[in-house]
Amino acid sequence: MSGTQWYKGNIHTHTTKSDGDEDPHKVVNWYRKHGYDFLVLSDHNHLTLLEYGSGRRRFRKPLMVPGEEVSVNIHGGETPVHINGVGISRVVEPIDAGDVVATLQANVDAIVQAGGVASINHPNFKWAFDHREISRVEGASLLEVFNGHPGTNLYGAPGRPSCEAIWDGVLSAGRVIFGVATDDSHNYHDFVPWLSNPGRGWVMVQADELTQEAIVDGLASGRFYASTGVTLTKLECSAEGIELEIDQERDFIYTTQFTGKEGVLLAESTGLDAQYMADGCEDYVRATVISSSGPRAWTQPVFPARARLGRDAGSES
C-alpha cells in the first residue's frame with residue numbers, strides 16, 4: 001500500500017436529521033473530541049451537509065465527507081435494503097425494484113451515478129440477505145463486516161452466516177469488495193450495550209492528504225483497514241502477500257489469521273507481527289487480527305491468482 005499517513009474515520013453515522021438522537025453539530029463534535037480525521041453523516045434518505053467549525057472556532061478535523069444511507073424496505077416492509085453512498089454529490093432517492101438483487105443493483109447504480117462509493121450495509125439486519133444476493137450485484141465497493149448497531153445479527157446463527165462469512169462468500173464468488181467496520185451510531189447520550197453508540201467500529205484510510213477526493217479514492221480502491229480497536233503500525237498488501245505489525249496495548253495477546261477462498265484458514269500466528277507469502281494460487285488472501293481483549297482488525301483482500309494470470313498473459317503476448 002502506498003501513501004503517507006493513516007486517517008481514521010466513520011462512514012455510517014446518524015443524527016436528528018433522520019433517526020439519531022443528537023444534533024449534527026454535536027455528533028461531529030463527539031467524533032472530533034475522539035480523534036477522528038474524517039466523518040460521513042449518513043442519515044436515512046437525507047444528505048446532511050454542514051461546514052463544521054465555520055463559526056468562532058475553526059477545526060480542520062474531522063473532514064466532512066457527504067453521504068447518505070439510501071434506505072428502502074421491500075417485501076411489504078419486511079426486508080431492509082440499506083446502502084451508504086459515500087462522497088455523493090446530491091441526494092439519492094431510494095428505489096424499490098421488487099426483489100433484493102434488483103433493489104440492491106438499482107440503488108448501487110444510483111449512488112455511483114451521483115458520484116459516490118456504494119457500501120452495502122448490515123446484510124444480517126433482520127436477516128435481509130447474504131452473499132448469494134450480494135455476489136450478483138455489480139458496482140458496490142464496500143461491505144460492512146462489522147456494524148456497531150446491536151440489532152445487526154453480526155455473528156450469524158446456525159444456518160445463517162456471519163457478516164464476515166458473507167464477505168468471504170462474496171469474495172469467493174469472484175466479486176472484489178472491501179470490508180468496512182462502522183458505528184451505525186444513533187445514540188449519543190446513554191452509553192450502554194443495547195444502544196447504538198459511537199466509537200465501536202471505524203476505518204483507517206491510507207492517503208497522501210486529508211481531502212475528500214483522497215479519502216473516497218482510498219475507500220474505493222481498498223487502501224485501508226477496518227478496526228474495532230486493534231491498531232496496525234505497518235501494513236503492506238500486494239499480490240505477493242500481506243505483512244503487518246500490531247501496536248501493543250496493555251498485556252493483550254494478538255492472533256492473526258490469514259483467510260482464503262470459502263473462508264478457509266490458510267495460516268495463523270501469534271505475536272505483534274505476521275506475514276503471509278502467497279504462492280500465486282490463492283484466489284484471495286485477507287488477514288484478521290484478533291486481540292485477546294476482543295477487538296479485531298481486518299485487512300483488505302489481495303488476489304494472487306489474478307495477478308499471476310495477468311503476468312502469464314503478458315509474457316505470452
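Bear in mind the structure is a predicted one, so any value in this text is a computation, not a measurement.

A. Highlighting the side chain of Asp184. Take Asp184: it is sitting in the loop between β8 (178-182) and β9 (202-207). An unpaired buried charge is present at Asp184: no salt bridge exists, and Arg200, the closest side chain of opposite charge, is 9.3 Å distant. The residues contacting Asp184, other than those within four sequence positions of it, are His12, His14, His122, Asn147, His149 and Ser196.

B. Spotlight on the sheet that holds strand β4 (residues 67-74). If you trace the five strands from one edge of the open sheet to the other, you get β4-β5-β6-β7-β8, paired in mixed fashion. Both outer strands of the open sheet, β4 and β8, are each paired with one neighbouring strand and no more. Along the sheet, successive strands turn relative to each other by an average axial angle of 30 degrees, direction set aside. Looking at chain direction, strand β7 (residues 142-147) and β8 are connected through five bridges and run parallel. Within β8, the position partnered with Phe146 by the bridge is Ala181. This element, helix α2 (residues 100-113), spans β4, β5 (79-86) and β6 (117-120) of the sheet and lies at about 20 degrees to β5. In this fold helix α5 (residues 212-221) packs onto β5, β6, β7 and β8, with an angle of close to 125 degrees to the strand it touches most, β8.

C. Region of the structure containing the environment of Gln212. Within the secondary structure, Gln212 sits in helix α5. Expressed as a C-alpha distance, the spacing of Gln212 and Thr48, which sit 164 residues apart in the sequence, is 16 Å. Among residues more than four places away in sequence, those in contact with Gln212 are Leu63, Met64, Val65, Pro66 and Gly87.

D. The packing of aromatic side chains, seen in detail. Within this structure, the stated rule accounts for seven aromatic pairs. Ring geometry for Trp30 against Tyr31: centres 5.0 Å apart, planes inclined by 75 degrees, an arrangement best described as edge-to-face. Taken as a pair, Trp30 and Tyr31 share a single burial class, namely buried. Each ring, one from Trp30 and one from Tyr36, has its centre 6.3 Å from the other, and the planes form 50 degrees; the classification is tilted. Classification of Trp30 as buried rests on a relative accessible area of 17%. Among the residues examined, Tyr36 registers a relative accessible area of 2% and is labelled buried. A cation over an aromatic ring shows up here: Lys8 above the ring of Trp202, its NZ or CZ 4.1 Å from the ring centre. Sitting above the plane of the Phe303 ring, Arg306 keeps its charged end 5.1 Å from the centroid.

Conventions and cut-offs
Residues numbered from 1 in each chain as written. Predicted model: local features only at pLDDT ≥ 70, side-chain atom pairs only at ≥ 80, totals over all residues. Heavy atoms only, no water. Helix = DSSP H or I, 4+ residues; strand = E, 2+ residues; numbered from the N terminus. Buried < 20%, exposed > 50% of the residue type's maximum accessible area, 1.4 Å probe, protein only. Lys, Arg positive; Asp, Glu negative; His and termini not counted. Salt bridge = Lys/Arg side-chain N within 4 Å of Asp/Glu carboxyl O. Contact = heavy atoms within 4.5 Å. Pairing = 2+ DSSP bridges. Axes fitted to C-alpha atoms, helices over the stretch in contact; angles between N-to-C directions. Phe/Tyr/Trp six-rings, centres within 6.5 Å; stacked < 30°, edge-to-face > 60°. Lys NZ or Arg CZ within 6 Å of the ring centre and 35° of its normal.

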